[in-house]
Amino acid sequence: MKKYVLGRVFRAIIAVFVVTSIAILMVYTMIPRDNVFREDTGQMSKLSGDPDALSDFKNNKWEQLGYLDFVRQSEMCQSSSDYNACMLIEEEPYVDEYGQDMVEYHYSDVAQEVIDKYTADGYTVSYYVEGGFYATRDFSGLEIIVNFYKNFIYIDHPWKVEDPDNPDMERSIYFATDYNGVPALKCSGCEHNYLIYFDGSFPFIHQNILNLNFGSSYPTYQNSSTLDVINQNQGSLVSEERTLPNGSTGKTSENYHTCVYKQTSALDSRDQNKFPDNYANCKSYYKDPSMVSISYLFGIISLVLAYLIAIPAGVSMARNKGKIQDKIGTVYINVMISLPSLAFIYFMKMLGFSFGLPDKFPIYSFGDIRSYILPIVILALMSTASVMIWIRRYMVDQSNADYVKFAKAKGLSQKEIFRKHILKNAIIPIVNGIPSSIILCISGSVITESVFAVPGMGKMLPDAIKSFNNNMVITLTFIFTGLSIFSILIGDLLMTVVDPRIQLTAKGGND
């Protein structure tokens, strides 16, 4: 069994990376790269009057996003025999055919040698309007994938930080207590001050040793890593009285578990007064849950509610096949399956609004239970029909099995037969889908969250696609693919727990 599970895990990991690689190729090769700037109208407008600055900005951003290699003149000239001669630009004024004063730029033989060298290496050399040149080389599809995964796994260690102004930095990993007196694994020389720490937020045990690097979000949530955007809390800052790193107490919104190394040259007087070392760059506490937390909260509560409604209803339909309970349940299932989701959501929204419930989540926001009622009830009811129909179908099928006839012959009542035997066997296929339902709650609900303006994960992928946020699209593709594939494995394993007769390692066919 262990060998089988390891094999499934290995194949699942391969599948996740294959799907993610396909997504990378589609994003980088099938969509015009100029589209990444469509949502950054402020910067585009600001630079519109300076073509050279605009060119630099675009090439810088494309290089950061992994489209190309961008080499400036100063970098190109580093490989020349005479750096100063390579950087020299001679200006020759002239008047064009329209009588306009123009300037023609001339470059030295050394600069031309460098230009020819880069051209031979596959680069395209371009010239600035105000003089000077640069080179770019587009990456192939394979190079884009390799570059993306090159720094994909991030491992923090005591030699991670390089600070010329702090050559005698201590480099070690050690056990200590955090500012709350809770044991933690800390580091000097790592990028993160805390490698392992504990707090009251899920999953309660946190680590900064091994992380995945999906790059930064752009154009939305600029300069933040995509994982930070997903995981970071939202809303206004929360300032509380806390013990500061230097031992004193004060009111602050900084989360000292997240502090990372700050170069000595960047430390200011405030940092030096507050922190005993260079770990002075910290994230802050925010009032409201993160997008992934709010989606998971909505999803898990609605899922529990859906099963509490659907399983008893499906059992009642099966036990009373052809009777009024079965007919009412069948009508309900047909209505829920045939009714468009959007129409049902808006109908429930209007119905709830007539009872005084908010039609938008932000009206009362996170602190009021009324904000949660309508979205959760809608999500739950939309899931009940499929569970009801499968419970009924499995139980009706099982009621004709030989073991049921044998139980009746032994004198067991219909209630006992359904509760102790039929339901136990009929629930096995349902159990297989429970892990997927639980795990995929993290992905949120696109339509419901959009209609109620819930700040969750549901809208994140469509919004990322719409804004051409490449790294966010790839991050969410990786997460959702991984969750989907591994939830199937967990579902298969859970079936063997519920019914030991199921053998995942059994080979088909007859010997």
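Residues numbered from 1 in each chain as written. Predicted model: local features only at pLDDT ≥ 70, side-chain atom pairs only at ≥ 80, totals over all residues. Heavy atoms only, no water.

All right, on to the state of the cysteines then. Summed over all chains, the structure comprises three disulfides. Residue pairing for cysteine 187: its cysteine sulfur links by disulfide to cysteine 190, the two sulfurs lying 1.9 Å apart. Taking the torsion about the sulfur-sulfur bond, which here is approximately 75°, the covalent link between cysteine 187 and cysteine 190 counts as right-handed. Each member of the pair, cysteine 187 as well as cysteine 190, is classed as buried. Each disulfide pairs two cysteine sulfurs, and for cysteine 259 the partner residue is cysteine 282, the sulfurs being separated by 1.9 Å. Here the disulfide of cysteine 259 and cysteine 282 is right-handed, its torsion about the S-S bond being about 95°. One end of the pair, cysteine 259, is in strand E15 (residues 254-261); the other, cysteine 282, is in strand E16 (residues 279-284), and 23 residues separate them in sequence. Across the pair, exposure class does not vary: cysteine 259 and cysteine 282 are buried alike. (Disulfide = S-S within 2.5 Å. Buried < 20%, exposed > 50% of the residue type's maximum accessible area, 1.4 Å probe, protein only. Helix = DSSP H or I, 4+ residues; strand = E, 2+ residues; numbered from the N terminus.)

The four strands are arranged E7-E8-E9-E10 in an open sheet whose pairing can be described as antiparallel. The open sheet is flanked by strand E7 (172-177) and strand E10 (205-207), the only strands paired with a single partner. Here the average twist between neighbouring strands, direction ignored, is 20°. With three bridges connecting them, strand E9 (residues 194-198) and E10 associate as antiparallel partners. Residue pairing across strands places tyrosine 197 opposite histidine 206, the latter belonging to E10. (Pairing = 2+ DSSP bridges. Axes fitted to C-alpha atoms, helices over the stretch in contact; angles between N-to-C directions.)

Taken together, the three strands give an open sheet; going across it, the order is E1-E5-E4, and neighbouring strands pair in antiparallel fashion. If you trace the sheet from one side to the other, it starts and ends with strand E1 (68-72) and strand E4 (124-127), each paired once. For this sheet, the mean inter-axis angle between neighbouring strands, taken without regard to orientation, is 25°. By the bridge criterion, four bridges tie E4 to strand E5 (residues 133-138) in an arrangement that is antiparallel. Note that in E5 the partner of serine 126 across the bridge is tyrosine 134. Strand contacts of helix H3 (residues 51-65): E1 and E5, with the helix running at about 135° to E1, the strand carrying the most contacts. (Contact = heavy atoms within 4.5 Å.)

Our focus in this paragraph is the pattern of salt bridges. Going through the model one piece at a time under the given rule, you end up with twelve salt bridges. The residue glutamate 143 makes a salt bridge to arginine 137 at a minimum N-O spacing of 3.2 Å. Between arginine 242 and glutamate 240 there is a salt bridge, and its shortest N-O distance comes to 3.5 Å. When salt bridges that share partners are traced, they join Glu254, Lys262, Arg270, Asp271 and Lys274 into one network. (Salt bridge = Lys/Arg side-chain N within 4 Å of Asp/Glu carboxyl O.)

Each aromatic ring pair is characterised by the separation of its centres together with the angle its planes make. As enumerated under the stated definition, the model contains 28 aromatic pairs in all. Between the aromatic rings of tyrosine 107 and phenylalanine 133, the centroid separation amounts to 5.4 Å while the plane-to-plane angle is 85°, which identifies the pairing as edge-to-face. Pair noted here: tyrosine 107 is in strand E3 (residues 101-107) and phenylalanine 133 is in strand E5, with a separation of 26 residues, a long-range link. Neither residue differs from the other here; tyrosine 107 and phenylalanine 133 are each classed as buried. Summarising the aromatic geometry, the rings of tyrosine 149 and phenylalanine 152 are spaced 5.6 Å apart at their centres and angled 85° between planes, so their arrangement reads as edge-to-face. For the pair tyrosine 149 and phenylalanine 152, a shared accessibility class is recorded, and that class is buried. (Phe/Tyr/Trp six-rings, centres within 6.5 Å; stacked < 30°, edge-to-face > 60°.)

Do not read the predicted coordinates in detail wherever pLDDT is low. In this model, the protein chain carries a mean pLDDT of 86, and residues with pLDDT of at least 70 account for 96%. Taken element by element, the protein chain is modelled with least confidence in helix H15 (residues 414-439), mean pLDDT 74, and with most confidence in E1, mean pLDDT 95. (pLDDT = per-residue confidence, 0-100.)

A separate point is helix H12 (residues 341-354). Over its 14 residues, H12 extends 20 Å from the first C-alpha to the last, a length consistent with the 20 Å expected when each residue adds 1.5 Å. For H12, the complete set of buried residues consists of Phe344, Ile345, Met348, Lys349 and Gly352. Within H12, the buried residues cover an arc of 135° as seen down the axis, which keeps them to one side. In H12, the exposed positions that point more than 90 degrees away from the buried face belong to Met350, Phe353 and Ser354. (Expected span 1.5 Å × (residues − 1). Arc of directions from axis to C-beta.)

To continue, consider the nonpolar core. Membership of the largest hydrophobic core comes to 41 residues, with the highest contact counts inside it found for Ile294, Phe298, Phe361, Tyr372, Ile391, Met395 and Phe452. At the level of elements, helix H10 (291-319), helix H11 (324-338), H12, helix H13 (370-398), helix H14 (402-409) and H15 are the ones that each hand at least two residues to this core. Residue contacts for isoleucine 391: discarding those within four places in its chain leaves Ile311, Gly314, Val315, Ile427 and Ile430. Ranked by size, the runner-up nonpolar core spans 39 residues in total, among them Tyr134, Met460, Ile474 and Phe480. (Core = buried A, V, L, I, M, F, W, Y, C linked by side-chain atoms within 4.5 Å.)

Attention now moves to the pairing of E7. Alignment of E7 against strand E8 (residues 183-188), held across six bridges, turns out to be antiparallel. Paired with phenylalanine 175 across the two strands is leucine 185, which belongs to E8. The hairpin formed by E7 and E8 contains five residues between the paired strands, and glycine 181 there has a positive phi angle of roughly 85°.

What follows deals with the packing of H12 against H13. A pair of packed helices is characterised by two quantities: the angle between their axes and the separation of those axes. Relative orientation of the contacting elements H12 and H13 amounts to 140°, with a least axis distance of 10 Å. Comparing the axis directions of H12 and H13 gives the class oblique. Between H12 and H13 lies a crossing of right-handed hand. In this structure, H12 uses Ser341, Phe344, Ile345, Met348, Lys349, Gly352 and Phe353 to contact H13, whose residues at the interface are Leu374, Val377, Ile378, Leu381 and Met382. In the contact of H12 with H13, the residues fall into nine nonpolar, two polar and one charged. (Parallel < 35°, antiparallel > 145°, perpendicular 65-115°, else oblique. Left-handed = near helix turned anticlockwise from the far one by under 90°. Nonpolar A, V, L, I, M, F, W, Y, C, P; charged D, E, K, R; others polar.)

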